[in-house]
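One-letter residues, chain by chain:
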Amino acid sequence: QVQLVESGGGLVQAGGSLRLTCAASGRTFSGYSVGWFRQAPGKKRDFVAGISGNGVSTAYADSVKGRFTISRDNAKNTVYLQMNSLKPEDTAVYSCAGRWGLLKTVEQSFDSWGQGTQVTVSS
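Residues numbered from 1 in each chain as written. Predicted model: local features only at pLDDT ≥ 70, side-chain atom pairs only at ≥ 80, totals over all residues. Heavy atoms only, no water.

Novice: Which parts of the structure should I look at to understand the sheet that holds strand 1 (residues 4-7)?
Specialist: The pairing of strands in a sheet happens through backbone hydrogen bonds and is either parallel or antiparallel. Sheet architecture is open: 4 strands sit in the order 1-3-8-7, paired in antiparallel fashion. Looking along the sheet, the strands with just one partner apiece sit at the ends: strand 1 and strand 7 (68-73). In this sheet, neighbouring strand axes are inclined to one another by 15° on average, regardless of whether the strands run parallel or antiparallel. Pairing between strand 7 and strand 8 (residues 78-83): 6 bridges, direction antiparallel. The residue of strand 8 that forms the bridge with serine 71 is tyrosine 80. (Pairing = 2+ DSSP bridges. Helix = DSSP H or I, 4+ residues; strand = E, 2+ residues; numbered from the N terminus. Axes fitted to C-alpha atoms, helices over the stretch in contact; angles between N-to-C directions.)

Printed below as a string of structure tokens:
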């Protein structure tokens, strides 16, 4: 129902930073919780971070706590993922996903997905 497009991926050295952007369509964006997921080659897709529609609630995977920050600007229909202190193991395709209502952390709860953006962290 909501259309999502990611951008901001790229190649960085370990210890560097990137900010990913998830741009959404629609007139009721504040009603959608948004999650970031990532998938490395040969691995399953994992939850990274999520944010509730009003931005009050957030959730993070243990592997990124203290390094990544999710935020949103509903006036711009945009969700961000600020990634600091990047590690080679963060290398993956990052996708944003939306669902109407409460924040969840499992991919089966999300029904709208972006195309993904590649993040590569070199050592």
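So, next bit.
Novice: Can you walk me through the pattern of salt bridges in this structure?
Specialist: Two side chains of opposite charge can pair, provided their charged atoms sit close to one another. Evaluation of the coordinates by the stated rule reveals 5 salt bridges. Among the salt bridges present, the one from lysine 44 reaches aspartate 46, with a minimum N-O distance of 2.3 Å. Lysine 44 sits in the exposed class, given a relative accessible area of 61%. In this structure, arginine 67 engages aspartate 90 in a salt bridge whose closest nitrogen and oxygen atoms are separated by 2.7 Å. Taken together, the residues span a long stretch of sequence, with arginine 67 in the loop between strand 6 (58-60) and strand 7 and aspartate 90 in the loop between strand 8 and strand 9 (92-100) at a distance of 23 residues. Taking relative accessible area as the criterion, arginine 67 reaches 11% and is therefore assigned buried. (Salt bridge = Lys/Arg side-chain N within 4 Å of Asp/Glu carboxyl O. Buried < 20%, exposed > 50% of the residue type's maximum accessible area, 1.4 Å probe, protein only.)

Novice: What exactly am I supposed to notice about the environment of phenylalanine 68 here?
Specialist: Inspection of the secondary structure assignment puts phenylalanine 68 in strand 7. The spacing of phenylalanine 68 and alanine 49 is 19 residues in sequence and 8.0 Å in space, taken between C-alpha atoms. Contact partners of phenylalanine 68, with chain neighbours within four places excluded, come to Arg38, Val48, Tyr60, Leu81, Gln82, Met83, Asn84, Leu86, Asp90 and Tyr94. (Contact = heavy atoms within 4.5 Å.)

Novice: Whenever I open this one, unusual backbone geometry confuses me. Can you help?
Specialist: Leaving glycine out, the prevailing phi sign among residues is negative, and the prevailing peptide bond configuration is trans. Here the phi dihedral of asparagine 77 falls at roughly 50°; this positive angle occurs in a residue that is not glycine. Along the chain, asparagine 77 falls in the loop between strand 7 and strand 8. The phi dihedral of serine 85 is positive, around 50°, even though this residue is not glycine. Considering the arrangement of structural elements, one finds serine 85 in the loop between strand 8 and strand 9.

Novice: Sorry, what's going on with the environment of cysteine 96 here?
Specialist: Turning to its location among the elements, cysteine 96 is positioned in strand 9. A sequence separation of 59 residues divides cysteine 96 from phenylalanine 37, and the C-alpha atoms of the two residues are 6.2 Å apart. Here cysteine 96 is in contact with Leu4, Glu6, Cys22, Val34, Gly35, Trp36, Ser112, Trp113 and Gly114, once residues within four sequence places are set aside.

Novice: Would you explain the side chain of asparagine 77 in this entry?
Specialist: What makes asparagine 77 buried here is its relative accessible area of 16%. Sequence-distant contacts of asparagine 77, defined by excluding residues within four places in its chain, comprise Cys22, Ala23, Ala24, Ser25, Gly26 and Phe29.

Novice: Just checking my understanding: could you explain the nonpolar core for this structure?
Specialist: The nonpolar side chains of soluble globular proteins are, as a tendency, buried together. In terms of nonpolar packing, the biggest core is built from 27 residues, with Trp36, Val48, Phe68, Val79, Leu81, Met83 and Tyr94 touching the most fellow members. Elements with a minimum of two residues in this core: strand 3 (18-24), strand 4 (32-39), strand 5 (46-51), strand 7, strand 8, strand 9 and strand 11 (117-122). Considering every element that reaches this core, the biggest residue donor is strand 3, with 4 residues. Phe47, Ala59, Leu103 and Phe110 belong to the second-largest nonpolar core, a separate cluster that totals 6 residues. (Core = buried A, V, L, I, M, F, W, Y, C linked by side-chain atoms within 4.5 Å.)

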